[in-house]
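# Coordinates in review
As a plain string of letters, each chain reads:
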Amino acid sequence: MMNVFSQPDMVPDMGKRKLMNNLVLAAVAPVVASAGGCYLYYFYPPQTGGGGGAVGALDALGNPVSAESWFKSHKKNARDLVQGIKGDPTYLIVNDDGSTLNSYGLNAICTHLGCVVPWDAASNKFKCPCHGSQYAPDGHVVRGPAPRPLQLAHVEDDNGKILLSPWTETDFRTGEKPWWA
C-alpha cells in the first residue's frame, strides 16, 4: 500500500481496471435497463386484446340470464337491463313476436356524461334524466346534448344462454365505423 503513495505516477494494472469497470457496469445496467424499458413502454400503443369474445348476460344479482326465464317475464317490445360487456348495463330488446331477442343490444350509458339512460315506453324513447338527451328505440340520438348514439352489442341465444359480444362492424344507424371500437 505504501508503494502506491511513494510512487505517484504509478497506475493500477489493466486487469484491475477492467474488473472495476465491469463491476460498475453490472451495478448500473439493470437500473438503466428497467428505467429505459418503462420509458419505452410508455410509447408502445395499447393493443385491443382478443376482442370478439362473448360474455353471458347477467341479471341484477349477477346470475346468468337464460332465454327461457327472460321470455317468461318480458313480453314483446320489452327493453330491460342486463349486465353486459365490461359489466355495463345493456338493454336486451324483445322482438315483436315476443319469443326472440333482437340481434343487437344497447349499452345504457349516455354518451354525454355517462348516466344510465332509462327506457320510457310511453314516448318510445330512451330519455336521460340528467341533461335531457333522448335516443330513438335503436339508440341513435334524437335530441342532444349527447354527441353520439348508444353503443351496440351483438346478442345471441346459444342453446338458451344469452350471450353479448362486441359490435365492431359498421354502425347501421350512422353508416360509419363504431365510435367505441
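Attention here is on the structure that accompanies the text. Fair warning: this is a prediction, and the values are worked out from it, not measured in the lab.

## What about unusual backbone geometry?
Residue Pro145 is reached from Gly144 by a cis peptide bond, and omega for that bond is 20 degrees. Inspection of the secondary structure assignment puts Pro145 in the loop between β8 (141-143) and β9 (152-158). At Asn77, a residue that is not glycine, the phi angle is positive and equals roughly 65 degrees. Residue classification places Asn77 among the partly exposed positions, given a relative accessible area of 37%. The residue Lys86 is not glycine, and still its phi comes out positive at about 60 degrees.

## Observations regarding the sheet that holds strand β6 (residues 125-127)
Ordered by their spatial adjacency, four strands build an open sheet running β5-β6-β7-β8, and the pairing between neighbours is antiparallel. Sheet topology places β5 (119-120) and β8 at the edges, where each strand pairs with a single neighbour.

## Description of the pattern of salt bridges
For the coordinates displayed, the defined rule picks out three salt bridges. Between Lys72 and Glu68 there is a salt bridge whose closest N-O contact spans 3.5 Å. Of the two residues, Lys72 and Glu68 are both situated in helix α3 (residues 67-73); the distance of four residues between them amounts to about one turn of the helix. Each member of the pair, Lys72 as well as Glu68, carries the same accessibility label: exposed. The salt bridge partner of Asp120 is Lys127, with a shortest N-O separation of 3.4 Å. Accessibility expressed as a relative area gives 30% for Lys127, which makes it partly exposed.

## Description of the nonpolar core
Counting 17 residues, the largest nonpolar core has Leu106, Cys110, Phe126 and Tyr135 as its most contacted members. The set of elements that each furnish at least two residues to this core consists of β3 (89-93) and β4 (104-107). If you look at the next biggest cluster of nonpolar residues, it comprises 13 residues, including Ala67, Ala78, Leu101 and Leu164.

## Structural notes on a nonpolar patch on the surface
A contiguous nonpolar patch, built from Tyr39, Leu40, Tyr42 and Phe43 and spanning about 560 Å² of accessible area, is present on the exposed surface. Looking at where Tyr42 falls in the secondary structure, it is placed in helix α2 (residues 14-42).

## Topic: the pairing of strand β10 (residues 161-166)
Pairing of strand β1 (residues 55-56) with β10, which is carried by two bridges, proceeds in the antiparallel orientation. From the neighbouring strand, Gly56 faces β10, where its bridge partner is Leu163. Sheet topology places β9 next to β10; six bridges connect them, and they run antiparallel. Bridging from a neighbouring strand, His154 pairs with Ser165 of β10. Here β9 folds back onto β10, and the loop between the two strands holds two residues, one of which, Asn159, carries a positive phi near 55 degrees.

Definitions and cut-offs
Residues numbered from 1 in each chain as written. Predicted model: local features only at pLDDT ≥ 70, side-chain atom pairs only at ≥ 80, totals over all residues. Heavy atoms only, no water. Helix = DSSP H or I, 4+ residues; strand = E, 2+ residues; numbered from the N terminus. Buried < 20%, exposed > 50% of the residue type's maximum accessible area, 1.4 Å probe, protein only. Pairing = 2+ DSSP bridges. Salt bridge = Lys/Arg side-chain N within 4 Å of Asp/Glu carboxyl O. Core = buried A, V, L, I, M, F, W, Y, C linked by side-chain atoms within 4.5 Å. Patch = residues over 30% accessible without salt bridge, like charges linked within 9 Å, V, L, I, M, F, W, Y side chains within 5 Å. Areas by Shrake-Rupley, 256 points an atom, 1.4 Å probe, with all protein chains shown as cover.

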